[in-house]
Amino acid sequence: MTKTTPKRNFVEKESSEAAAFSTATAVKSKTTSTGTTYLSEESEGNRKSLKDYFDEAKDMIKADGAPPRWFSPLECGSHSPDSPLLLFLPGIDGVGVGLTRQHQRLGKIFDVWSLHIPVKDRTSFTGLVQLIERTIRSEHNHSPNKPIYLVGESLGACFALAVAARNPHIDLVLVLSNPATSFSMSVPQSTISLLEFIPGQMTLTLCHILSSMTGDPLKMAIDNVVKGISVPPTIQDLSTYLSVLADILPNETLLWKLELLKSASAYANARLHSVKAQTLILYSGKDQMMPSEEEGQRLSRELPNCQTRRFDDNGHFLLLEEGVDLVTIIKGAGYYRRGKCINYVSDFIPLTTTEFNKFCEEIRLRSDLTSPVMLSTLEDGKIVADLSGIPSEGPVLYVGYHNLLGLEAFPMVQQFMIQRNVLVRCVAHPMFFESKDGGLPDFEGNDTLRIVGGVPASAVNLYKLLSSKSHVMLHPGGMREALHRKGEEYKLFWPESSEFVRMSSTFGAKIIPFGAVGEDDIAQIVLDYNDQMRIPFLKSQIEEMNKRVVKLRTDITGEVANQPVHLPLPIPKIPGRFYYYFGKPIETKGRKQELRDRKKSQKLYLQVKGEVENCIAYLKEKRQNDPYRNILPRLIYQATHGFRAQVPTFEL
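What comes next concerns the included structure. In this text, all values refer to a predicted model and were calculated from it rather than measured experimentally.

Rules behind the numbers
Residues numbered from 1 in each chain as written. Predicted model: local features only at pLDDT ≥ 70, side-chain atom pairs only at ≥ 80, totals over all residues. Heavy atoms only, no water. Helix = DSSP H or I, 4+ residues; strand = E, 2+ residues; numbered from the N terminus. Buried < 20%, exposed > 50% of the residue type's maximum accessible area, 1.4 Å probe, protein only. Contact = heavy atoms within 4.5 Å. Areas by Shrake-Rupley, 256 points an atom, 1.4 Å probe, with all protein chains shown as cover. Axes fitted to C-alpha atoms, helices over the stretch in contact; angles between N-to-C directions. Parallel < 35°, antiparallel > 145°, perpendicular 65-115°, else oblique. Left-handed = near helix turned anticlockwise from the far one by under 90°. Phe/Tyr/Trp six-rings, centres within 6.5 Å; stacked < 30°, edge-to-face > 60°. Lys NZ or Arg CZ within 6 Å of the ring centre and 35° of its normal.

**Examining the overall build of the protein**
In step 1: Counting its secondary structure elements, the protein contains 23 helices and 22 strands.
In step 2: For the protein, the proportion of its 652 residues judged to be buried stands at 55%.
In step 3: Summarising the internal contacts of the protein: among those between residues at least 6 apart in sequence, 80% fall at separations of at least 24.
In step 4: Per element, the accessible surface of the protein, about 28000 Å² overall, is 53% carbon and sulfur.

**Some points on the packing of helix α3 (residues 125–142) against helix α4 (residues 155–166)**
In step 1: Packing of α3 against α4 leaves a shortest axis separation of 10 Å and a crossing angle of 60 degrees. By the criterion of interaxial angle, the relationship of α3 to α4 is oblique. Crossing hand, α3 versus α4: right-handed. When α3 is examined against α4, the residues Phe125, Leu128, Val129, Gln130, Ile132, Glu133, Ile136 and Arg137 are found in contact with a partner set consisting of Phe159, Ala162, Val163 and Arg166.

**Overview of the packing of aromatic side chains**
In step 1: Counted by the stated rule, this structure contains 23 aromatic pairs.
In step 2: When the ring of Phe110 is compared with that of Tyr336, the centres are 5.2 Å apart and the planes differ by 85 degrees; the resulting orientation is edge-to-face. Here Phe110, found in the loop between α2 (103–109) and β7 (111–116), pairs with Tyr336, found in the loop between α12 (326–333) and β12 (351–352); they are 226 residues apart in sequence, far enough to count as distant. Just as Phe110 is buried, Tyr336 falls in that class too.
In step 3: Where Tyr628 meets Tyr637, the ring centres are 5.4 Å apart and the plane angle is 70 degrees; that geometry is what we call edge-to-face.
In step 4: Assessed through its relative accessible area of 16%, Tyr637 is described here as buried.
In step 5: When the ring centre of Phe348 is taken as origin, the NZ or CZ atom of Arg425, which lies over that ring, is 4.2 Å away.
In step 6: Its guanidinium or amino end placed over the ring of Phe493, Arg480 lies 4.1 Å from that ring's centre, counting from NZ or CZ.

Written out as structure tokens, the structure reads:
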């Protein structure tokens, strides 16, 4: 059952059957003939601002005498029926519209409910925890195979931790923004006694809260107000914001909320050992209300299943700040799932234009320095200097050599999107997708890999990708090629058996062998695995790391199974150029019965391997005739033709 209020842009939630109504979405998609969406376009004109937060908060607190309750923003109603539930637990304001800048995107992949705590409500911490608890238990009983997301901001993060500690049997995913578990060391804690005895302190406290919400320019303006300096006309909205904030947090309510923070922080900290839920902590580097950076690091050590993300230039109210996209953050951490376990195919969310542009910006230096050349082969065997020979419909399996540290992967993904609007899903080592034990430390490259559709290497995941008609990048040599030793450039380390041929034929996938050349023009290895194992300190680090990392191909022998994780030490060269050559597609459609025969399957496997070696040899020979192989001629060309101009290459 739902109640709707014409003047408000939300519906109140009363039961697990309550339906969320939605406004029309403003997102368009680019779709291939196979029905696969590769890139969605955001409507930037509908992106909300901080002003929207204050407008909505002002509307929410009008004549509000009801008890705490859930509501669902109307703009969050476009999700699919299998979307997981997301409960937003607000910070000290209690209004529940702290996700207003996130609603549009969150509403496409979550069923979003927000908790509203009225201004005059004095429900105790325990009472609020029980309210949240009743909701998650009811929803868990209704959909036991779905996770429930608790997004907690500041005070709300303490509620989330408390509920998780009391309900370890429920599949919860916690996303905590600047948790108030550090309240005892915070600025607000020190103001409690002052607020009780010095009424004038109220304005300064609200100004401090407002400055944490509005960013650096207004912080300077607020300083001017406090110092009695005249207010420039450009900050006339400040008085309006301050007035709304005073209505949200009048003196008695602010005192009550600070006491609530104190109780919530103490309760959550005392029960951290009981929290088993998957947790993602977002902490700001410039939080002036609480020591969030230190607290985020502490909690990551205390909680067993926890990742963190640091936001260097943001303040306490992170989710209201410009440029912070919670959906992208959740995707990058690998935390979005619709079931008990993440499905890297069905749970994948297509990139938005903003995400793709950010991806391009992240690899811009690499692309600019290496100026990739893309060659493909048409059906008649003609080689062309673009990707027009690449099929638009899947499934397609691109099989090739893995350059040093996988340097060739991201530029390939970028060019396929730009030239063909095709998203190539990279099959990568599982350690890039694991957190803490069994994986690599969190870093931005891991998030980027997940956002652009990276998938952990496994037979099950390859099966799912091909069955969904995806375009897949596969390197049979895996880590052994990407972390090769000195003098092993462009040497294939493939298994003896045909791992991918029969699976490709099951779905009629086209197999495209390709070569990528250029690592030897970018860097030279000075310390490889063999060198590092002779140095005691490095040897112990490698051995310790390999005890934790997930191991692949433990059931086979040979050099391809020799995949110890380490980091080769290369020194950069004056940048050369990357070259990609995609051979003629090999059809497996209609050959399922034929390729069940091991000999015929092995023959095709060796054919693909031979084609990859031929592609590499072709590029190594042809690049000798490229007048722009070195970066200096390329820079001269771009200086005269424009720095976005495509630099020519050798004649075909």
